[in-house]
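Each chain, letter by letter, is given below.
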There are 2 protein chains.
Amino acid sequence: VGQIPQDVFVIADAKRGDIGNSSSKYAKAILNMDRVTAITVSPYMGFDSVNPFLHFSNKWTFVLALTSNNGADDFQLQRLSSGKYLFEEVIIKSLKWAEVSPGILGFVVGATHPEHMELVRKHAPNTYILCPGVGTQGGDLQAVIKHFAPRVLINIGRHLLYTENQEDPFKAAQKKAAIIQTEMAKWF
Amino acid sequence: VGQIPQDVFVIADAKRGDIGNSSSKYAKAILNMDRVTAITVSPYMGFDSVNPFLHFSNKWTFVLALTSNNGADDFQLQRLSSGKYLFEEVIIKSLKWAEVSPGILGFVVGATHPEHMELVRKHAPNTYILCPGVGTQGGDLQAVIKHFAPRVLINIGRHLLYTENQEDPFKAAQKKAAIIQTEMAKWF
C-alpha cells in the first residue's frame, strides 16, 4: 500500500460487517492505514455493524446495497412487506445512520442492474455510488453514467487485471482501459 | 493457530461474503489452514458468495442467520412480502444450496433471540447452530439449550476473555467458565 501514488483513491474492498465491538476493530485496522481512504461494508448485521466505520472523518464507507453478482437476487432483491426491496431499506437506514457521523457514506450498486438505478437515486440523490460490474460482468456503462454521474466511481477490476494470456499483459490492460475511457467520454 | 491443541474445534469467525471469484479465494485462504475447521459467512450477497465455502469436505460453513447484536433488528428481522422474516429466507435458501455440497452447513443464531428459536428449528430441525450472545450480551442460555441442544455450539468470548481487571485474570476466566458449565449441565 505504501507504494501507491498519493493521488490514487484507495478503496479497501473488505466487505466487513460484524458486531459493534469487532466492527470498530476492523474499522481501526483498515481505515487508519495511511493510504486507505475508503472501505466496503456488508450491512446484514445492521446498525452497530456499520456505524463504527462511519466514525472516521474524511474516510468513506461504501455500504453494499445492490451488488453486481447474480446472487444479488437472493436477498437484496427480496420484496419486504412494505413493498420496498431489501436494498432500498439498506439505503434508507444507512443514510439515516450517516446523518450524524463524521465519515462519508456511499453505496455499492452494480452496473448489472440498470432497471433499479432510478430507484437508488430516488432514495440517495446526492450520494456517491461505487459501481463494479462494468467489464468482466458485462454491466451497462451507459446506464451507470446516465443515472449516477457525476457522483460515481466506476471500478473495473478483473477486466484489466487478468490479461496474463496476452503477449504483452501491461499493454493489453492499457488498451482495454483506453477503450473504456473513450466509451465513458461519450456520455459525459 | 499451529499451537492450538488437535482436539479443539477452530472456527474462523471471519464473516466473509463476496462475489464468487473473491469468495473462493477467501475460502481457500481460510479453510485450507490446517487447524481451521469452520468459518462464518455473511449471506447478503447471495448464492455465489456463500457457495464457494461449501465446497470443502469436512469443513463447516456457519451462515449468519439471526445474529446476537442489536442491529439484527434492522434487516434480518424485516418481514418479507411472503410473510417470512429475512433470516428465514436465508435459512431456507442456504439449506437448498448445501444439499449438493460436500461441506457442512450450520447457522449463526444469537442467544439473544429466544422468541425466534422455534422458527429456526422449524426450517432447520437437524442443522448445527453456532450460538453467540451468552455472556456479555446477556443471551438466554436455557432457551438455547431447550431449542437447539444437542446440535449447538455455544461460544462465549468476551465474557471469558476480558478478565484483565481481575487480580488473577486466568483464574477469573476459569471461574466464570465453571459457572456457565454448571448452569448448562442443569439442562442436559
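Scope of this entry: the structure provided in the associated data block. (Residues numbered from 1 in each chain as written. Chains lettered and ligands numbered in written order. Predicted model: local features only at pLDDT ≥ 70, side-chain atom pairs only at ≥ 80, totals over all residues. Heavy atoms only, no water.)

### Here we look at the overall build of chain A
Next, step 1: Counting its regular elements, chain A contains seven helices and six strands.
Next, step 2: Each helix (α) and strand (β) of chain A, taken in turn from the N terminus, gives the series β-α-β-α-β-α-β-α-β-α-β-α-α.
Next, step 3: In summary, chain A has a C-alpha radius of gyration of 17 Å against a globular reference of 16 Å for 188 residues, a match within 12%.
Next, step 4: With the principal axes as the frame, chain A shows a C-alpha extent of 50 × 40 × 30 Å.
Next, step 5: Expressed as a percentage of the 188 residues in chain A, the buried residues total 53%.
Next, step 6: Of all intrachain contacts in chain A linking residues separated by at least 6 positions in sequence, the fraction that spans at least 24 positions is 59%.
Next, step 7: Per element, the accessible surface of chain A, about 9100 Å² overall, is 52% carbon and sulfur.
Next, step 8: In chain A, which carries 19 positive and 17 negative side-chain charges, the distance between the mean positions of the two groups comes to 4 Å. (Helix = DSSP H or I, 4+ residues; strand = E, 2+ residues; numbered from the N terminus. Rg over C-alpha atoms; globule rule 2.2 N^0.38 Å. Buried < 20%, exposed > 50% of the residue type's maximum accessible area, 1.4 Å probe, protein only. Contact = heavy atoms within 4.5 Å. Areas by Shrake-Rupley, 256 points an atom, 1.4 Å probe, with all protein chains shown as cover. Lys, Arg positive; Asp, Glu negative; His and termini not counted. Charge placed at Lys NZ, Arg CZ, Asp CG, Glu CD.)

### Notes on the environment of Thr163(A)
All names here are of chain A.
Next, step 1: Along the polypeptide, Thr163 turns up in the loop between helix H6 (158-161) and helix H7 (169-187).
Next, step 2: For Thr163 and Lys175, which are twelve residues apart along the polypeptide, the C-alpha to C-alpha distance reads 11 Å.
Next, step 3: The contacts of Thr163, once residues within four sequence positions are left out, are Pro169, Ala172, Ala173 and Lys176.

### A closer look at the environment of Lys146(A)
Next, step 1: Here Lys146(A) lies in helix H5 (residues 141-148).
Next, step 2: For the pair formed by Lys146(A) and Met117(A), sequence separation is 29 residues and the distance between their alpha carbons is 9.3 Å.

### Description of the interface of chain A and chain B
Next, step 1: With 41 residues of chain A at the interface, the matching set in chain B holds 41 residues.
Next, step 2: Summing both partners gives a buried area of about 3300 Å² for chain A against chain B, and 54% of it is carried by carbon and sulfur.
Next, step 3: Ranking the residues of chain A by area buried against chain B places Tyr44(A), Met45(A) and Phe75(A) at the top, with a combined share of 26%.
Next, step 4: On the surface where chain A and chain B come into contact, there are two salt bridges.
Next, step 5: A salt bridge links Asp18(B) to Lys15(A); the shortest N-O distance between them is 2.9 Å.
Next, step 6: At the junction of chain A with chain B, the criterion picks out 20 residue pairs in polar contact (both at pLDDT 80 or more).
Next, step 7: Looking at the side of chain A that touches chain B, the elements with two or more residues in it are strand E1 (10-16), helix H1 (20-31), helix H2 (47-50), strand E3 (60-66) and helix H3 (86-98) of chain A.
Next, step 8: The biggest single contributor to the side of chain A that touches chain B is H3(A), with six residues. (Buried area = accessible area lost by both parts, 1.4 Å probe. Salt bridge = Lys/Arg side-chain N within 4 Å of Asp/Glu carboxyl O. Polar contact = N/O pair within 3.5 Å; in protein donor to acceptor, adjacent residues only side chain to side chain.)

### Quick notes on the sheet that holds strand E6 (residues 152-154) of chain B
Residue and element names in this part refer to chain B.
Next, step 1: Strand order in this open sheet of six strands is E1-E2-E3-E4-E5-E6, and the pairing throughout is parallel. The open sheet has two free edges, formed respectively by strand E1 (10-16) and E6, since each of these has just one partner strand. Pairs of neighbouring strands in the sheet enclose a mean axial angle of 25°, with direction left out of account.
Next, step 2: In the sheet, strand E5 (residues 128-131) pairs with E6 via three bridges, with the strands oriented parallel. In the strand pairing of E6, Cys131 is matched with Ile154. (Pairing = 2+ DSSP bridges. Axes fitted to C-alpha atoms, helices over the stretch in contact; angles between N-to-C directions.)

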